[in-house]
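These are the residues of each chain, in order.
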Amino acid sequence: MSKKPSKISEPTVALYRKSTLSVQDILNVDLSRLDEPLNRVDTFRNGLERKSFDRLKEISGLDNHTLAAALGVSAKTLQRKDIFDTIQSEKMYELANLYALGINYFGNEGFRRWMERPLFSIGNIKPLALIDVSEGLEILKAEIMRLQHGIAI
């Protein structure tokens, strides 16, 4: 019995490019609006604009229904919003923070794949299933931080 040699089509070396994507880049807002906690409070109270939502949607690759669930509104409401309320703005900031952390570690496509596959370390749940709750976002950020520091599950 002779075995046929298997053909591998993946690169032998992975290129690592450090990304420096920030929350400000994702939400398309001025750094001064998010750099200090009190500035963030004012920004959230005044509401993030539609352009911030559109940029988050573009970077995350999430559809309106997924983002609507994450922000606690209907997809129809998202279509009508020009300025988001305090809670939705704060949630957009938290999502942008998670995506900045994840994309900086995995790369954009790598992070999208990571978000869609069940993870043993969180009970075989897909990370996307946790983005509608603040505690879920904290769990996902902790998972990424563990990976960054080489801590096994």
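Scroll up to find the structure.
The rules behind each value
Residues numbered from 1 in each chain as written. Predicted model: local features only at pLDDT ≥ 70, side-chain atom pairs only at ≥ 80, totals over all residues. Heavy atoms only, no water. Helix = DSSP H or I, 4+ residues; strand = E, 2+ residues; numbered from the N terminus. Buried < 20%, exposed > 50% of the residue type's maximum accessible area, 1.4 Å probe, protein only. Contact = heavy atoms within 4.5 Å. Areas by Shrake-Rupley, 256 points an atom, 1.4 Å probe, with all protein chains shown as cover. Axes fitted to C-alpha atoms, helices over the stretch in contact; angles between N-to-C directions. Left-handed = near helix turned anticlockwise from the far one by under 90°. Nonpolar A, V, L, I, M, F, W, Y, C, P; charged D, E, K, R; others polar. Core = buried A, V, L, I, M, F, W, Y, C linked by side-chain atoms within 4.5 Å. Salt bridge = Lys/Arg side-chain N within 4 Å of Asp/Glu carboxyl O. Arc of directions from axis to C-beta.

Enquirer: Which residues make up the overall build of the protein, and what values do they have?
Expert: In terms of helices and strands, the protein carries eight helices and zero strands. Residues classed as buried in the protein amount to 38% of the 153 residues present. A fraction of 60% describes how many contacts in the protein between residues 6 or more apart in sequence connect residues 24 or more apart. Taken as a whole, the protein presents about 9,900 Å² of accessible surface, with 52% of it coming from carbon and sulfur.

Enquirer: Requested: an account of the packing of helix 6 (residues 86-106) against helix 7 (residues 108-116), with residues and values cited.
Expert: Contact geometry of helix 6 with helix 7 gives a least axis separation of 7 Å together with a crossing angle of 115 degrees. Like other packed secondary-structure pairs, helix 6 and helix 7 cross with a definite hand, here right-handed. Across the interface between the two elements, Leu98, Tyr99, Gly102, Ile103 and Phe106 of helix 6 pack against Asn108, Gly110, Phe111, Trp114 and Met115 of helix 7. For the contact of helix 6 with helix 7, the per-class residue count stands at seven nonpolar, three polar and no charged.

Enquirer: Which residues make up the nonpolar core, and what values go with them?
Expert: Leu27 and Ile131 are the most contacted members of the largest nonpolar core, which totals 39 residues. Looking at this core, the elements that each hand over two or more residues are helix 1 (23-27), helix 3 (50-60), helix 4 (64-71), helix 5 (75-80), helix 6, helix 7 and helix 8 (134-148). Not counting the four nearest positions on each side in its chain, Leu27 is found in contact with Leu34, Leu48, Ser52, Arg55, Leu56, Met92, Tyr93 and Ala96.

Enquirer: Let's hear about the pattern of salt bridges: which residues, and what values?
Expert: Inspection of every chain in the model, using the stated rule, returns five salt bridges. Residues Arg50 and Asp54 are paired through a salt bridge, measuring 3.3 Å at the closest nitrogen-oxygen approach. Separated by four residues within a single helix, Arg50 and Asp54 lie in helix 3, roughly one turn from each other. Asp54 gets classed as partly exposed once you look at its relative accessible area, which sits at 36%.

Enquirer: Lay out helix 4 in plain terms, naming residues and giving numbers.
Expert: All of the buried residues in helix 4 are Asn64, Leu67, Ala68, Ala70 and Leu71. Taken around the axis of helix 4, the buried residues stretch over an arc of 160 degrees, which confines them to a single face. Considering only its buried residues, helix 4 is in contact with helix 3, helix 5 and helix 6. Once helix 4 finishes, Gly72 follows within two positions and takes phi at roughly 75 degrees, a positive value.

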